[in-house]
Amino acid sequence: AIIIATIPATALSDTLQNAIIATAAADYTSGAHCVADVDPVDGERSIERDLLPTISDIMVAAYEDYFYRIERYQRDNVTKFDIAAPDTPVYQYSVLDRGETGSANPHAMIFLNSEKAYLLRYGKAKAWIVNPSAETEAEFKIGELDLSGYADDDGVPEMDSGVIVDGVLYVTLQRLNSFVPSETAYVALFDTATDTEIDTSVANDDGVLGIPLSIKNPGAIQYLEENDRVYVQGAGNYYA
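Everything numeric in this text was worked out from a predicted model, so none of it was measured.

Student: Is there a simple way to explain the overall build of the protein chain in this structure?
Tutor: What the protein chain contains, in helices and strands, is zero helices and 20 strands. Relative to a compact globule of 240 residues, whose C-alpha radius of gyration would be 18 Å, the protein chain shows 18 Å and is just as compact. Every one of the 240 residues in the protein chain was classed for burial, and the buried ones make up 45%. Within the protein chain, residue pairs in contact and separated by at least 24 positions form 39% of the contacts whose partners lie at least 6 positions apart. Within the protein chain, one finds 15 positive and 39 negative side-chain charges whose respective centroids are separated by 5 Å.

Here you go:
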């Protein structure tokens with residue numbers, strides 16, 4: 001089991017054994033990932049640092065014994081690692097369709113199981129449904145979620161983060177224009193069994209099926225089992 005730590009969100013495993021940490025240089029010229037030993041919790045920690053240096057715009061996601069390093073703007077790929085060999089890629093697959101132009105800028109990978117996950121592409125209007133266990137790149141993408149109905153003036157809805165609760169995928173949509181949160185942000189819900197969008201029946205001015213948010217620029221989204229609630233964090237306008 002793995003803990004993943006990245007910016008802006010942190011995801012925890014049930015058993016504390018290792019942390020995978022995405023790091024960036026102070027001047028953002030490079031990045032890497034590290035592995036920290038956190039088992040036992042109160043024991044001394046050993047850290048493997050600066051594994052496979054790359055760009056600074058990276059994040060990590062994890063499921064079972066594997067973690068996935070996502071290279072984001074203009075790099076557009078996912079690299080899979082086994083926690084037992086954190087510096088040896090199992091694979092690296094593109095997150096762009098053949099002939100697709102512009103950066104997909106992947107922001108998150110949310111796992112239903114070892115053979116199905118949702119890859120949120122911040123720079124596009126369609127999220128990918130992927131098979132994390134795919135043995136070839138051709139087998140990696142297995143479907144799409146169309147979020148184009150939430151697109152604003154720049155043509156994309158800026159899908160950023162997500163969480164799965166009781167078979168439902170919740171996706172945050174920032175809807176920024178030139179990084180300014182000028183439009184209503186939403187959370188869109190999808191049935192993970194059918195991959196169809198759920199009509200939440202919440203009134204909104206955009207004629208969409210999702211939940212309008214009172215906050216702007218939503219980032220992290222987290223489910224708290226203790227009170228059966230989903231929480232969404234909003235940063236607002238970075239320039240204000």
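Anyway, onward from the coordinates.
Student: Please explain a negative patch on the surface as it appears in this structure.
Tutor: A cluster of acidic residues, Asp166, Glu225, Glu226 and Asp228, forms a negative patch at the surface. Counting through the fold element by element, glutamate 226 comes out in the loop between β19 (218-224) and β20 (229-234).

Student: What should I look at first to understand the sheet that holds strand β10 (residues 106-113) in this one?
Tutor: The pairing of strands in a sheet happens through backbone hydrogen bonds and is either parallel or antiparallel. Read from one edge of the open sheet, four strands run β10-β11-β12-β13, paired in antiparallel fashion. Among the strands making up the open sheet, the edge pair consists of β10 and β13 (141-146). Ignoring strand direction, the axes of neighbouring strands in this sheet form an average angle of 25°. The sheet contact formed by strand β12 (residues 126-130) and β13 spans five bridges and is antiparallel. Looking at β13, one finds that alanine 127 is bridged to leucine 145.

Student: How do you make sense of the environment of glutamate 100 when you look at a structure like this?
Tutor: Within the element layout of this structure, glutamate 100 appears in the loop between β9 (85-94) and β10. Judged by relative accessible area, which is 23%, glutamate 100 ranks as partly exposed. Note: C-alpha distance between glutamate 100 and tyrosine 63 (37 residues apart in sequence) is 28 Å. Ignoring anything within four residues of it in the chain, the contact list for glutamate 100 reads Val95, Arg121 and Lys124. Within the local environment of glutamate 100, its side chain forms a polar contact with the backbone nitrogen of aspartate 97, the two atoms lying 2.8 Å apart.

Student: How should the sheet that holds strand β6 (residues 58-63) be read in this particular structure?
Tutor: Overall, antiparallel pairing links the four strands, which are arranged β6-β7-β8-β9 in an open sheet. What marks the edges here is a single partner per strand, and that holds for β6 and β9. The sheet shows a mean angle of 25° between the axes of neighbouring strands, taken without regard to direction. As judged from the six bridges shared by β6 and strand β7 (residues 66-71), these two strands associate in the antiparallel manner. Looking at β7, one finds that isoleucine 58 is bridged to glutamate 71.

Student: Can you help me understand unusual backbone geometry in this one?
Tutor: Backbone geometry follows two general trends: most residues other than glycine have a negative phi, and most peptide bonds adopt the trans configuration. Phi angles above zero are rare outside glycine, and asparagine 105 is one such case at about 50°. Looking at where asparagine 105 falls in the secondary structure, it is placed in the loop between β9 and β10.

Student: Hey, could you run me through the pattern of salt bridges in this one?
Tutor: Opposite charge on two side chains lets them pair, provided their charged atoms get close. Counting across every chain of the model gives nine salt bridges. Salt-bridge contacts for aspartate 206 lead to arginine 175; the nearest nitrogen and oxygen are separated by 3.7 Å. Taken as a pair, aspartate 206 in the loop between β17 (196-197) and β18 (211-212) and arginine 175 in the loop between β15 (168-173) and β16 (186-191) lie far apart in primary sequence, 31 residues in all. A relative accessible area of 35% places aspartate 206 in the partly exposed class. Residues participating in the shared-partner salt-bridge network are Asp97, Lys126, Lys141 and Glu144.

Student: Help me understand the packing of aromatic side chains in this model?
Tutor: Counting across every chain of the model gives seven aromatic pairs. With 5.2 Å between their ring centres and 40° between their planes, tyrosine 68 and phenylalanine 111 make a pair best called tilted. In this pair, tyrosine 68 sits in strand β7 while phenylalanine 111 sits in strand β10, placing the two residues 43 residues apart along the sequence. Among the residues examined, tyrosine 68 registers a relative accessible area of 3% and is labelled buried. The interplanar angle of 55° and the centroid separation of 5.2 Å between the aromatic rings of tyrosine 93 and phenylalanine 140 together place this pair among those described as tilted. With tyrosine 93 in strand β9 and phenylalanine 140 in the loop between β12 and β13, this pair connects stretches of sequence that are 47 residues apart. Here tyrosine 93 matches phenylalanine 140 in class, with each residue buried. One aromatic cluster is present, built from ring pairs that chain together Tyr63, Tyr68 and Phe111.

What counts and how
Residues numbered from 1 in each chain as written. Predicted model: local features only at pLDDT ≥ 70, side-chain atom pairs only at ≥ 80, totals over all residues. Heavy atoms only, no water. Helix = DSSP H or I, 4+ residues; strand = E, 2+ residues; numbered from the N terminus. Rg over C-alpha atoms; globule rule 2.2 N^0.38 Å. Buried < 20%, exposed > 50% of the residue type's maximum accessible area, 1.4 Å probe, protein only. Contact = heavy atoms within 4.5 Å. Lys, Arg positive; Asp, Glu negative; His and termini not counted. Charge placed at Lys NZ, Arg CZ, Asp CG, Glu CD. Patch = residues over 30% accessible without salt bridge, like charges linked within 9 Å, V, L, I, M, F, W, Y side chains within 5 Å. Areas by Shrake-Rupley, 256 points an atom, 1.4 Å probe, with all protein chains shown as cover. Salt bridge = Lys/Arg side-chain N within 4 Å of Asp/Glu carboxyl O. Pairing = 2+ DSSP bridges. Axes fitted to C-alpha atoms, helices over the stretch in contact; angles between N-to-C directions. Polar contact = N/O pair within 3.5 Å; in protein donor to acceptor, adjacent residues only side chain to side chain. Phe/Tyr/Trp six-rings, centres within 6.5 Å; stacked < 30°, edge-to-face > 60°.

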